[in-house]
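Spelled out, the chains give:
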Amino acid sequence: MWLPLIGMTALPHVGGIYGGIVTRKQVKTWYPSLKKPSWRPPNAAFPVVWTCLYTGMGYGSYLIWKELGGFTEDALVPLGLYGLQLALNWAWTPIFFGAHKIKWALIEIVFLTGTVGATMVSWYPVNRTASLLLAPYLAWLCLATTLNYCIWRDNPEKKEE
């Protein structure tokens, strides 16, 4: 039973590692050129926070998987929503940092935040602990969504002629 525990806990980090690769260059070049609110967390906080959040959500998914007997019909909605939010999570970084599409990233993160909320609701009757493991993630996404909005608002896109 260790393999599913380790695999499901580690899975979210795959996108995090990819996101780190996409972000690394942009944090030194493009990102500093943007106007950002004074309250934004320091760049060094992001890898630490995301490591904790990815570990918590991955372990939570394992608890749901275990409680529902694996990838069963009962697990379709709770793990399906989890998979959807994970895909949306992984997509945000290439949109924002890779394509520099701040408005599209804002729209995407709003959908992501809503999907995480729906995932929590679907997990709660199955395993309260798993659902509550997503609470810090949801809180961070609220901060990240606000940050994305402020960056979009304060950095209008230049019209191409």
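Residues numbered from 1 in each chain as written. Predicted model: local features only at pLDDT ≥ 70, side-chain atom pairs only at ≥ 80, totals over all residues. Heavy atoms only, no water.

With reference to specific residues and values, describe the packing of aromatic side chains.
By the definition in use, this model includes 15 aromatic pairs. When the ring of tyrosine 31 is compared with that of phenylalanine 97, the centres are 5.4 Å apart and the planes differ by 50°; the resulting orientation is tilted. With a gap of 66 residues between them, tyrosine 31 in the loop between helix 1 (2-28) and helix 2 (45-67) and phenylalanine 97 in helix 3 (residues 76-98) connect regions that are remote in the sequence. Overall, the relative accessible area of 9% leaves phenylalanine 97 in the buried class. Three or more aromatic residues joined by ring pairs make a cluster, and in this case those are Trp30, Tyr31, Trp92, Phe96 and Phe97. (Phe/Tyr/Trp six-rings, centres within 6.5 Å; stacked < 30°, edge-to-face > 60°. Helix = DSSP H or I, 4+ residues; strand = E, 2+ residues; numbered from the N terminus. Buried < 20%, exposed > 50% of the residue type's maximum accessible area, 1.4 Å probe, protein only.)

I'd love a proper account of the UniProt feature "transmembrane region" (unreviewed entry) in the protein, names of residues and values included.
Per the UniProt annotation, the sites labelled "transmembrane region" (unreviewed entry) are residues 6-23, 44-65, 77-97, 104-124 and 130-152. Annotation note: span residues 44-65, helix share 95%, strand share 0%, distance between end C-alpha atoms 33 Å. Secondary structure over residues 130-152 splits into 96% helix and 0% strand, and the C-alpha atoms at its two ends are 33 Å apart. (UniProt positions renumbered as here; feature names shortened; annotations may be inferred.)

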